[in-house]
Amino acid sequence: MSGASQIVLYDIPSREPRHCWSWNAWKTRFLLNFKGLDYVTEWTEYPDIKPKLEEHFPGETEFTIPTIRIKGSETYVMDSRNIAARLEADHPTPSVHLDSPYIDRLIQNLRLALIPLQPVYGYLVATRILNEESIPFFIAARSRDVGMPLEQFHKEGAGTAWEKAEKGFSNISELLRENEGPFFMGKTVSYADFVCAGVLLFLKGLGEDVSAELLRVSGDEGLAYKMLLEAVEPWSKRDSY
């Protein structure tokens, strides 16, 4: 399969059973699945991302996943939004409506939700998701980002994180209900749905305790979120290859 596939998706593996966990990688995986594109996953641990990608992005200093490689042209595209634009241009049908105003409205509220939640999910990614090869790299990088050891950041901020994040999550539920769901645009799938569903799958994957908190702060006992995740199931089933 890998020899024939036209697109390579670089993704970060979880512990066994290996599957997609990162909300950014989910955005791209959703697009590939939704558009029915032929791709193969190349699992890449955190320390291997830069050595694997840097020669393909001259002048860049930061290297991130998701990245895709388009065979034939040997084009590499990095960053989920850049990938979305390229895939939509190359494969416009079915469209994911990158011009939908719900994308920006969603992202504004995701910032409200996820920035205060960093002390929770940053620590849990290291302790519950990543393989041993990636843990030291991830902890060092996140500790630099927050200006203190990651464990300290968790201890100092996790206790109030969900309360601070509640407004963002409840706002997103309201957005999903504006057109009666299950999608932001009602019955029409858009990229906003994949962005949101990727975040929801990421948080649910961190554990039942996180899932319970997510439902608690959703504003509607998680009904809009459940409807969305059920609706995107045709494109979330493929998460391990």
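Residues numbered from 1 in each chain as written. Predicted model: local features only at pLDDT ≥ 70, side-chain atom pairs only at ≥ 80, totals over all residues. Heavy atoms only, no water.

A. Representation of the overall build of the chain within the structure. Helix and strand counts for the chain come out as eleven helices and four strands. Against the compact-globule benchmark of 18 Å for 241 residues, the chain has a radius of gyration of 18 Å, which places it among compact chains. Taking the principal axes of its C-alpha atoms as reference, the chain extends roughly 50 × 45 × 35 Å. The 241 residues of the chain split such that 54% are buried. Taking the intrachain contacts of the chain between residues at least 6 apart in sequence as the baseline, contacts between residues at least 24 apart amount to 72%. Looking at the chain as shown, the accessible area adds up to about 11,500 Å², and 51% of this sits on carbon and sulfur atoms. Taking the average place of the 26 positive charges on the side chains of the chain and the average place of its 35 negative ones, the gap between the two points comes to 1 Å. (Helix = DSSP H or I, 4+ residues; strand = E, 2+ residues; numbered from the N terminus. Rg over C-alpha atoms; globule rule 2.2 N^0.38 Å. Buried < 20%, exposed > 50% of the residue type's maximum accessible area, 1.4 Å probe, protein only. Contact = heavy atoms within 4.5 Å. Areas by Shrake-Rupley, 256 points an atom, 1.4 Å probe, with all protein chains shown as cover. Lys, Arg positive; Asp, Glu negative; His and termini not counted. Charge placed at Lys NZ, Arg CZ, Asp CG, Glu CD.)

B. Examining the sheet that holds strand β1 (residues 7-11) more closely. Pairing is mixed across the open sheet formed by four strands, whose spatial order is β2-β1-β3-β4. What marks the edges here is a single partner per strand, and that holds for β2 (39-43) and β4 (75-78). Direction aside, the axes of adjacent strands within the sheet are offset by 20° on average. Where strand β3 (residues 67-70) lies against β4, four bridges are found, and the strand directions are antiparallel. Residue Arg69 lies in a different strand from β4, and its bridge partner there is Tyr76. On top of the sheet, helix α1 (residues 23-34) reaches β1, β2 and β3; it is set at about 155° to β1, its chief contact. (Pairing = 2+ DSSP bridges. Axes fitted to C-alpha atoms, helices over the stretch in contact; angles between N-to-C directions.)

C. Fine view of the nonpolar core. With 81 residues, the main nonpolar core has Leu117, Phe169, Phe184, Phe194, Leu203, Leu206 and Val232 as its most contacted residues. Each of two domains, domain 1 (7-90) and domain 2 (102-235), supplies a minimum of three residues to this core. (Core = buried A, V, L, I, M, F, W, Y, C linked by side-chain atoms within 4.5 Å. Domains from an automatic or database assignment.)

D. Molecular detail of the UniProt feature "domain: GST N-terminal" (unreviewed entry) in the chain. Taking the numbering used here, the UniProt-annotated feature "domain: GST N-terminal" (unreviewed entry) corresponds to residues 21-89. Between the end C-alpha atoms of residues 21-89 there is a gap of 26 Å, over a span that is 43% helix and 19% strand. (UniProt positions renumbered as here; feature names shortened; annotations may be inferred.)

E. Layout of helix α6 (residues 135-146). The terminal C-alpha atoms of α6, which comprises twelve residues, lie 16 Å apart, in line with the 16 Å expected from a rise of 1.5 Å per residue. Listed as buried for α6 are Ile135, Phe138, Ala141 and Ser143. The elements touched by buried residues of α6 are α2 (46-53), α5 (118-129) and α7 (150-177). A positive phi of about 80° marks Gly147, the residue just after α6. (Expected span 1.5 Å × (residues − 1).)

F. Fine view of the UniProt feature "domain: Glutathione S-transferase UstS-like C-terminal" (unreviewed entry) in the chain. Here, UniProt's "domain: Glutathione S-transferase UstS-like C-terminal" (unreviewed entry) annotation points to residues 126-235. End C-alpha atoms of residues 126-235 are separated by 27 Å, and the span's content is 73% helix alongside 0% strand.

G. A look at the packing of aromatic side chains. For the structure shown, the criterion picks out 15 aromatic pairs. Ring geometry for Tyr102 and Phe184: centres 6.0 Å apart, planes at 35°, overall tilted. Taken together, the residues span a long stretch of sequence, with Tyr102 in helix α4 (residues 101-114) and Phe184 in the loop between α7 and α8 (191-205) at a distance of 82 residues. Looking at Tyr102, the relative accessible area reads 10%, which means it is buried. Of the residues examined, Phe184 reaches a relative accessible area of 0% and is grouped as buried. Ring-pair connections join several aromatic residues into one group, and the members of that group are Trp26, Phe30, Phe34, Phe194 and Trp235. Directly above the ring of Tyr39 sits Arg238, whose terminal nitrogen or CZ lies 3.7 Å from the centroid. (Phe/Tyr/Trp six-rings, centres within 6.5 Å; stacked < 30°, edge-to-face > 60°. Lys NZ or Arg CZ within 6 Å of the ring centre and 35° of its normal.)

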